[in-house]
Amino acid sequence: MTAPSEGAATGSAAPGPVVAATDGATAADWREAVRRAARALVDAGAAGEGYPEACVRVVEENGPYIVLTKGLALVHARPEEGGLAVGVGVTRLAAPVEFGHPDNDPVDLLLAFCTPDPDAHVGTLSGLARALSGGLADRLRAASGEDDLASILKEALPNA
Amino acid sequence: MALDRQLEILAVCGVGMGSSLMLKMTAEDALRSLGVDARVENTDVSTARGMSPDVVIGQGMHTGEIADLAPVVITISDFLDKEGLEAQLRERLTEQGWLA
């Protein structure tokens, strides 16, 4: 249900976010899960090689606060850690992992994002927040596979 | 409303650009429902230390570090739980006399 953008002309709008999806990922612990989720952004060309480890360090240094809500982690690091484009990836784990979060463990769904500067992602992430409030996590959990994960995520993001 | 200016609200997280942005949006929705005129910003915990908002919202692992930053410090565990945040805001803002 994406409405055509108003006055869309070739090349006139900012490029939409890069979208990636990984299904059935296996991870022994939260670090592997975070690396796996961030790796999808590297593979999609949206983030540099150092990005996955930077995302792990965010949790090591700041705690498991990235587990935003029950079962869902928002994996990210600062733009200067390797954000090349605005990218959002969804990773569904084969088996959930514990982050050590007091309320929201265990985590079975990871949304990773990257951005080239501190502002470029705001529109995309705002759209993601709205979609999550509207039940996106459950739709992703019910997805039939990797392609379905990707198309559900795309539908949720403005301009994707 | 009892406060004669816009309420300054800060949503905090570790990096200050992802989770706290989501929290900011949840807070804006909750404040709209409460009819409170407020400006919500999001930032990381270290930047927050240099600021003087009326209200700080974050997870316990962060609000514990900045418990004296603002008259009202609200701890939440679910960044997307608008109803839960709205209930806490209603109670705490009423305590301060900022919400009639």
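Residues numbered from 1 in each chain as written. Chains lettered and ligands numbered in written order. Predicted model: local features only at pLDDT ≥ 70, side-chain atom pairs only at ≥ 80, totals over all residues. Heavy atoms only, no water.

Here we look at the state of the cysteines
Using the following cut-off: In what follows, a disulfide is any cysteine sulfur pair within 2.5 Å. Each residue is placed in one exposure class: buried if its accessible area under a 1.4 Å probe, protein chains only, is under 20% of its type's maximum, exposed if it is over 50%, and partly exposed if it falls in between.
Tallied over the entire structure, the rule returns 0 disulfides over all chains. As a non-bridged cysteine, Cys-55 of chain A has Cys-114 of chain A as the owner of its nearest cysteine sulfur, 8.3 Å distant. Here Cys-13 of chain B is not cross-linked by a disulfide; its sulfur's nearest cysteine counterpart is in Cys-55 of chain A, at 13 Å. Residue classification places Cys-13 of chain B among the buried positions, given a relative accessible area of 0%.

Here's the deal with the packing of helix H1 (residues 30-43) of chain A against helix H2 (residues 51-62) of chain A
All names here are of chain A. To keep it simple, the criterion reads: Between the N-to-C directions of two axes lies an angle of 0 to 180 degrees, each axis being a line fitted to C-alpha atoms and, for a helix, fitted only over the stretch in contact. Under the scheme used here, helices are H or I runs from DSSP no shorter than 4 residues and strands are E runs no shorter than 2 residues, and both carry numbers assigned from the N terminus. Any angle between 65 and 115 degrees counts as roughly perpendicular, while under 35 counts as roughly parallel, over 145 as roughly antiparallel, and the rest as oblique. The sense of a crossing depends on the near helix, which, turned anticlockwise from the far helix by less than a right angle, makes the crossing left-handed and, turned clockwise, makes it right-handed. Residues are treated as being in contact if the distance between any of their heavy atoms lies within 4.5 Å. The nonpolar class holds Ala, Val, Leu, Ile, Met, Phe, Trp, Tyr, Cys and Pro. Asp, Glu, Lys and Arg form the charged class, and all remaining residues, Gly among them, are polar.
One can describe the packing of H1 onto H2 by two numbers: an axis separation of 8 Å at closest approach and a directional angle of 140°. Between H1 and H2, the angle falls in the class oblique. With respect to the hand of their crossing, H1 and H2 are arranged in right-handed fashion. In this structure, H1 contributes Trp-30, Arg-31, Val-34, Arg-35, Ala-38, Arg-39, Leu-41 and Val-42 to the contact, and H2 contributes Tyr-51, Pro-52, Glu-53, Cys-55, Val-56, Val-59 and Glu-60. For the contact of H1 with H2, a count of residues per class yields 10 nonpolar, no polar and 5 charged.

With respect to the interface of chain B and chain A
Test applied: Here's the idea: put two parts together, see how much 1.4 Å probe accessible area each one loses, and the total over both is what we call buried area. The working definition used for a salt bridge is a side-chain nitrogen of Lys or Arg within 4 Å of a carboxyl oxygen of Asp or Glu. N or O atoms closer than or at 3.5 Å make up a polar contact, with two conditions inside protein: a donor-capable atom paired with an acceptor-capable one, and, for residues adjacent in sequence, both atoms drawn from side chains.
At the junction of the two partners, chain B supplies 18 residues and chain A supplies 29 residues. With both sides pooled, the region where chain B packs onto chain A buries about 2000 Å², and carbon together with sulfur makes up 64% of that total. Seen at the junction of chain B and chain A, the total is 1 salt bridge. For Asp-29 of chain B, the salt bridge is made with Arg-130 of chain A, and the minimal N-O distance between the two is 3.3 Å. Here chain B is connected to chain A by 12 residue pairs in polar contact (both at pLDDT 80 or more). Elements with a contribution of two residues or more to the side of chain B that touches chain A: helix H1 (19-34) and helix H3 (60-63) of chain B. The greatest single-element share of the side of chain B that touches chain A, amounting to 5 residues, is contributed by H1 of chain B. Along the lines of polarity and charge, the residues of the side of chain B that touches chain A split into 9 nonpolar, 6 polar and 3 charged.

Let's talk about the pattern of salt bridges
Overall, the coordinates contain 18 salt bridges over all chains when judged by the stated rule. Residue Arg-35 of chain A is joined to Glu-53 of chain A by a salt bridge in which the shortest nitrogen-to-oxygen separation is 2.5 Å. Residue Arg-35 of chain A is located in helix H1, and its partner Glu-53 of chain A is located in helix H2; the two are separated by 18 residues in the primary sequence. Assessed through its relative accessible area of 30%, Arg-35 of chain A is described here as partly exposed. Ionic pairing is found between Arg-92 of chain B and Glu-95 of chain B, a salt bridge with its closest N-O pair at 3.5 Å. In this pair, Arg-92 of chain B and Glu-95 of chain B both sit in helix H4 (residues 82-95), 3 residues apart, roughly one turn of the helix.

Quick word on the side chain of Thr-26 of chain B
Residues and elements named next belong to chain B. With respect to the helices and strands, the residue Thr-26 is situated in helix H1. Judged by relative accessible area, Thr-26 falls into the buried class, the value being 5%. In this view, Thr-26 contacts Phe-79, Leu-80, Asp-81, Lys-82 and Leu-85; residues no more than four positions away in its chain are not counted.

Purely spatial values, then, with no claim about function.
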